[in-house]
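# Structural overview for review
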Amino acid sequence: MQLHFSPSMRSITILSNNGIIDLMKIKVAACHISYRTLFHTILILAFLLPFVFILTALVTLEGANKCSSFDCLGRRLGPRLLGRVDDSSKILVRDFYKILNEVKTGEVPPALDMPDSFEQLVTDMKSNQYDAKTFAFMLRGMMEKFERDTREAKFAELMNKHFAASSVPKGIHCLTLRLTDEYSSNALARKQLPPPELLPTLSDNSYHHFIVSTDNILAASVVVSSTVQSSNTPDKIVFHVITDKKTYAGMHSWFALNPVTPAIVEVRGIHQFDWLTRENVPVLEAIENQNGIRNYYHGSNFARNNLSDTNPQKYASKLQARSPKYISLLNHLRIYLPELFPNLDKVVFMDDDVVVQHDLSLLWEINLNGKVNGAVETCRGDDEWVMSKHFKNYFNFSHPLVAQHLDPDECAWAYGMNVFDLRAWRSTNIRETYHTWLKENLRSNLTMWKLGTLPPALIAFRGHVHPIDHTWHMLGLGYQNKTDIESLNKAAVIHYNGQSKPWLQIGFEHLRPFWTKYVNYSNYFVRNCHILDS
């Protein structure tokens, strides 16, 4: 850009870079304008003209029509310089929002054919020239259809997981049958457990007594093996393995043929406890004989009812509550420990889906302060599945008896690894309280609670629980795959509570090795039954 002043200073010519002179001329009356005023005018023009050039270039780059005059340029740039913009896009968005609100409350036309994919939607729009409202209705219909399909698929997944979790894997069934056959044909499989010279240790309170109640031979072997291998004093360990009559021979064969010396193992069947009679366990007969309860746990149509009235998490809880294990005496057996082991003072009871990772001998040194049950509280965390549980998560507080006697915000605690002071227990009415509430729930057709044996235990042990550090017992490995691995490694006992057991194909792959490392895959029976083969 160049400036030319006439000799008389009456005019100033501004030239563009290409030498065209007719771009702008300024006539000046020399007699009325001082040199100072002229100088200021030149400075102002020199400041403004580059901005005019830049704005002109922006308009051109935006694909606008070419402007060949200042009049056109002013029409184009004027609104921009004044901060005004085209409102057509805002108007379009506002109209579309209006259409969406109309569609939200309206009914989807029944004759409207919903596409199955976005690609089909685009094709239909092009071929049928749908207006915006029809497009919005199609979009709504597609989303509602996908939501229904996703919801049904989720419930179907939960149902399939329920059946998978309730069934016995082929490999474990094979293991039980082969070991049972071995018991009848192999004298070594029938040898006395423990040997006669070690029988006094079964009631010796200087030993650390562990109790596990299960009909799963493979699971029991992992609990025992992991406890012994993790112990600093394995020679002080006595295991009392309790099983049912049909599994007794196979369970006995396993531990007879696979000793875990120097630890001591006793295997007993429920039928071998003289104390377990209908008179002492009245609830057992009630559970077995009441048709309503049997239909509740074994009915074929319960899972399909009222799916629209629940969500996946509640549905999963209902399915878990119908696990057949909850009417098994093996699951209720822990409430009778003081009578089943009258000579023992202190025991640790463990579920069959736990793995012991660190020495547990210090559990016998915990002062329970006169309480009966040393347990990890499960109301101190944010995890909605396991560690944020209160009484309101287990009980129906719309039931008058529940509302009258229980506090919905009372903290829950964990079954699965518990330290029991049997001496303190024997001076309480815990067992009678357990029976009373369980019978009441049966009479009310299971309307007080749904989930297994923990709810009546939460009531029966009220005032008798001593909280122990959470690192002793980590739960939830059968519920969620987002388990914190660092916390898992620190935990003394990890618990696969939930449906995804490590011996099932639905178990979480990255959590299974913590359990499988205690499985003896070189064992003849494990190898030939193809345990956990994919």
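Summary of the structure given here. (Residues numbered from 1 in each chain as written. Predicted model: local features only at pLDDT ≥ 70, side-chain atom pairs only at ≥ 80, totals over all residues. Heavy atoms only, no water.)

## Focus on the sheet that holds strand 8 (residues 354-356)
- One open sheet accounts for three strands, arranged 8-13-12; its pairing is mixed. The open sheet is flanked by strand 8 and strand 12 (473-474), the only strands paired with a single partner.
- One ladder, built from three bridges, connects strand 8 with strand 13 (residues 493-495); its direction is antiparallel. Residue V356 lies in a different strand from strand 13, and its bridge partner there is V493. (Pairing = 2+ DSSP bridges. Helix = DSSP H or I, 4+ residues; strand = E, 2+ residues; numbered from the N terminus.)

## Topic: empty space enclosed by the protein
- For the structure shown, the criterion picks out three cavities of 30 Å³ or more.
- Its boundaries defined by the atoms lining it, the second largest cavity holds a volume of some 50 Å³.
- Together, H208, F210, T227, S231, T233, I237, D359, L360, S361 and W364 line the second largest cavity.
- For the lining of the second largest cavity, a count of residues per class yields four nonpolar, five polar and one charged. (1 Å grid on protein atoms, 1.4 Å probe; cavity = no way out; pocket = protein on both sides within 12 Å on 5 of 7 lines; lining within 4 Å. Points joined across faces, edges and corners; volume = space filled by probe spheres on them. Nonpolar A, V, L, I, M, F, W, Y, C, P; charged D, E, K, R; others polar.)

## Quick notes on the nonpolar core
- Ranked by size, the top nonpolar core spans 66 residues in total, and within it L175, F239, F255, M350, L360, L363 and I494 carry the most contacts.
- If one sorts the elements of this core by residue count, helix 7 (residues 217-230) sits on top with eight residues.
- When near neighbours in sequence (up to four residues on either side) are disregarded, F255 contacts L193, A220, S221, V224, V241, V265 and V267.
- In terms of nonpolar packing, the next biggest core, distinct from the first, is built from 44 residues, A375, L438, W449 and V465 among them. (Core = buried A, V, L, I, M, F, W, Y, C linked by side-chain atoms within 4.5 Å. Buried < 20%, exposed > 50% of the residue type's maximum accessible area, 1.4 Å probe, protein only. Contact = heavy atoms within 4.5 Å.)

## Let's talk about the pattern of salt bridges
- Inspection of every chain in the model, using the stated rule, returns 13 salt bridges.
- Put simply, E440 and R443 hold a salt bridge, and the shortest N to O gap is 2.8 Å. Residue E440 and its partner R443 are located together in helix 16 (residues 430-443), separated by three residues, close to a single helical turn.
- Each of D215, D244 and K246 takes part in salt bridges that share partners, so that together they form one network. (Salt bridge = Lys/Arg side-chain N within 4 Å of Asp/Glu carboxyl O.)

## Quick look at the packing of aromatic side chains
- All chains considered together, the criterion is met by 14 aromatic pairs.
- Both rings, one in F273 and one in F341, keep their centres 6.2 Å apart while their planes meet at 70°; by these two values the pair is edge-to-face. Of this pair, F273 sits in the loop between strand 6 (264-269) and helix 9 (282-289) while F341 sits in the loop between helix 13 (337-340) and strand 7 (346-350), and the two are 68 residues apart along the sequence. Here F273 matches F341 in class, with each residue buried.
- When the centroid spacing of 5.4 Å and the interplanar angle of 50° are considered together, the rings of W275 and Y336 count as tilted. Placement of the pair is W275 in the loop between strand 6 and helix 9 and Y336 in the loop between helix 12 (329-332) and helix 13, with a sequence separation of 61 residues.
- Residue classification places Y336 among the buried residues on the basis of a relative accessible area of 0%. (Phe/Tyr/Trp six-rings, centres within 6.5 Å; stacked < 30°, edge-to-face > 60°.)

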